[in-house]
Structure formats: C-alpha cells, structure tokens
Amino acid sequence: MTPSTSDPHARRSPRILTLSASPEDQRVAWLAALAITIHVAESVLPSPLPGVKPGLANLVSVVALLQYGWGTAAWIAVLRVIVGSLLLGTFLSPTFMLSATGTAAALAAMGLASRLPGVGAVGHSVAAAMAHMGGQVMLAYWLFIPHQALLQLLPVLMTAAVIFGFINGIIAATAISRMRS
Amino acid sequence: MMTRADFVIVLAAVLFTGGLYGMLWSESGAGQTALIQVGHEPPQRVTLDAHRVLTLRGARGDSVLEIQPGRIRFRDSSCNHKFCVLSGWLTGAGASTACLPNQVSIMVTGGPPGYDAINF
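Residues numbered from 1 in each chain as written. Chains lettered and ligands numbered in written order. Predicted model: local features only at pLDDT ≥ 70, side-chain atom pairs only at ≥ 80, totals over all residues. Heavy atoms only, no water.

Draft legend 1. Region of interest: the interface of chain A and chain B. Counting from both sides, the interface comprises 28 residues of chain A and, opposite them, 23 residues of chain B. Both sides together, the interface formed by chain A and chain B hides about 2,200 Å², and carbon and sulfur atoms give 72% of it. Where chain A packs against chain B, one counts 0 salt bridges. If you list the elements that add at least two residues to the side of chain A that touches chain B, you get helix H6 (121-144) and helix H7 (148-180) of chain A. Take the side of chain A that touches chain B: its biggest share by element is 13 residues, from H7 of chain A. Among the residues forming the side of chain A that touches chain B, the class breakdown is 20 nonpolar, 8 polar and no charged. (Contact = heavy atoms within 4.5 Å. Buried area = accessible area lost by both parts, 1.4 Å probe. Salt bridge = Lys/Arg side-chain N within 4 Å of Asp/Glu carboxyl O. Helix = DSSP H or I, 4+ residues; strand = E, 2+ residues; numbered from the N terminus. Nonpolar A, V, L, I, M, F, W, Y, C, P; charged D, E, K, R; others polar.)

Here's what the structure looks like:
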C-alpha cells in the first residue's frame, strides 16, 4: 500500500517548519517598524523643493549601526524602503527607485564611515545624508530628467542634505548617549 | 557629542558643498547656441557669438531678440505683460523663456540636446 494524503498516519505526523525569531530578528523588526512609522509620517510633511526632506527615518539606521552594527542598520533601511513604499503606494515607481538608490548609497557611505576610526553619529549621519542625496540626484539625472537644470539644483540639495544630516546626527548622538547611560 | 572625526567629516561636507556651488553655478557653462521657435515652425538654431538683434514675426506682431556673446534675451515683444522681456538675459545651458501670446520661445543649449524629462 502506498502512502496517500488521506492516510491518517501521515496526517498525524505533519511536517512543521518552525521559524524561531532570534533576539536579533526581533530587534530588527522593532526598529524597522519604528523607521517605517517615521518614514510614512514624514511623507506628509510639505517640502519646499522636490527631494528635500528631513530624513528622520535614517536616524533609526544611524542609531542601530552604532549600537548593533552595519548589518542591523542595513536590514532596517531595506525593510523601511520596501514596506514604506508599499504603504505609500509608490512601490517600483520612480519615487521608489530614487528612494532605494539613495538608501543603498547611504548604507555604503555609513559602511565606509564606520571603518574610519572615531566617527560618531554626526559623521555617519552627514555622510549618509549626502550619499543619499548624491545617489538620488545621479539616478534622477541619468534616468528621469537628463537636463542641465537638475545639476544646477545639486548645490542647493546638498546644502539641505548637510544641514539635515547634521541635525539628525545631533539627535542620534543624544539618543545614543541616553541609551548608554 | 561630536568626535574629532565627526568634525572632519562635517568640515569636508561643507567644503564639498561649497565647491559644488563654485563648480555648477559658475558662468563657465554658458551656452554657445540657442534654439528659437516661432509658432509651430521647426526651431532654428542660432549661435551666441556676436552682438546682433533679430526681429521675428510672431502670432501677434514682432518679437525683438538681442544676442550677445554667450547670452540672449527678449528686448521687446508684442505682448501685454512682457514677462519674456522681464526674464532678462538667458545665459546657462538649459535656460529658457517664452512669449506665449506671440508664440515665440527661446532656449539656450550647451552640450548635446537631450530629453527634458522622462516618466514611466
């Protein structure tokens, strides 16, 4: 007799795949949820210029990088971009591509910054903000708006990136010093 | 709050941004040619090399364009509000203005012409 799906013995011993969430997984989930919340909340803020926003969601990545390492920060950032775009309805749209490219560039910049000795939250945040803006503008110029006027906007956008990166860095440094005390 | 390395990164960021202003906002990228379009006719390309004045016949009357080395402007146009004249000299590549009532538009071009924007 060949075993079949109606065999009562087969049903009594089902194969169960158990996924256990490690503390690391739970930490990523919590922090990603926080980052996504900030990301969505921030998307309703009015912006003086397209592409300029405070980038507060990256605060979570900066804090996570300094507390738990680059891997955790990368997980949070990637989840935030994907889930955030699903919630906002921009998944796979140009907005999403810009966001994903900027985030990839920011993660690379933070990875480089964390290899340099003595770089704290402010350095990470400024590097990430500038890389995010640079990556975004380069993609926009290459793919969407190959027009000289876009590059003329770059200095203004970079100024915003430096200012917001600095402010976020101060906030992140404050948060970290309170977490460690 | 800020380490010495942070200070160095912030300083480098500020200097880099300042450099971008110098590089991208300098007038060195002045256009060499301009495209002029009147009505639905194909645009004509003019070189911005020497001083001259062009008078074009538009939908409502004459538009007077003035060209100097590296720049072009509407000197006068037969329209009511003169927005085209008020927009002044166009210098950098990509700069453009138009006299809508008279259906005359000009755009300074520098490098090879590309798309204005692409959407998917």
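From this point, the discussion proceeds with the structure in view.
Draft legend 2. Representation of the environment of Pro50 of chain A. With respect to the helices and strands, the residue Pro50 of chain A is situated in the loop between helix H2 (23-42) and helix H3 (57-68). Distance from Pro50 of chain A to Ile36 of chain A, taken between C-alpha atoms, is 20 Å for residues 14 residues apart in sequence.

Draft legend 3. Representation of the packing of aromatic side chains in the model. Enumeration over the complete set of coordinates arrives at 1 aromatic pair over all chains. Ring geometry for Phe91 of chain A and Phe96 of chain A: centres 5.0 Å apart, planes at 65°, overall edge-to-face. One Lys or Arg, Arg27 of chain A, reaches over the ring of Tyr68 of chain A and ends 4.0 Å from the middle of that ring. Here Arg71 of chain B stacks its cationic end above the ring of Trp89 of chain B, 4.0 Å away from the centre of that ring. (Phe/Tyr/Trp six-rings, centres within 6.5 Å; stacked < 30°, edge-to-face > 60°. Lys NZ or Arg CZ within 6 Å of the ring centre and 35° of its normal.)

Draft legend 4. Geometry of the confidence of the model for chain A. A residue-level look at chain A finds 93% of positions with pLDDT of 70 or above and a mean pLDDT of 89. Across chain A, helix H4 (residues 70-88) of chain A holds the top mean pLDDT of 95, while helix H1 (residues 8-12) of chain A sits lowest at 59. (pLDDT = per-residue confidence, 0-100.)

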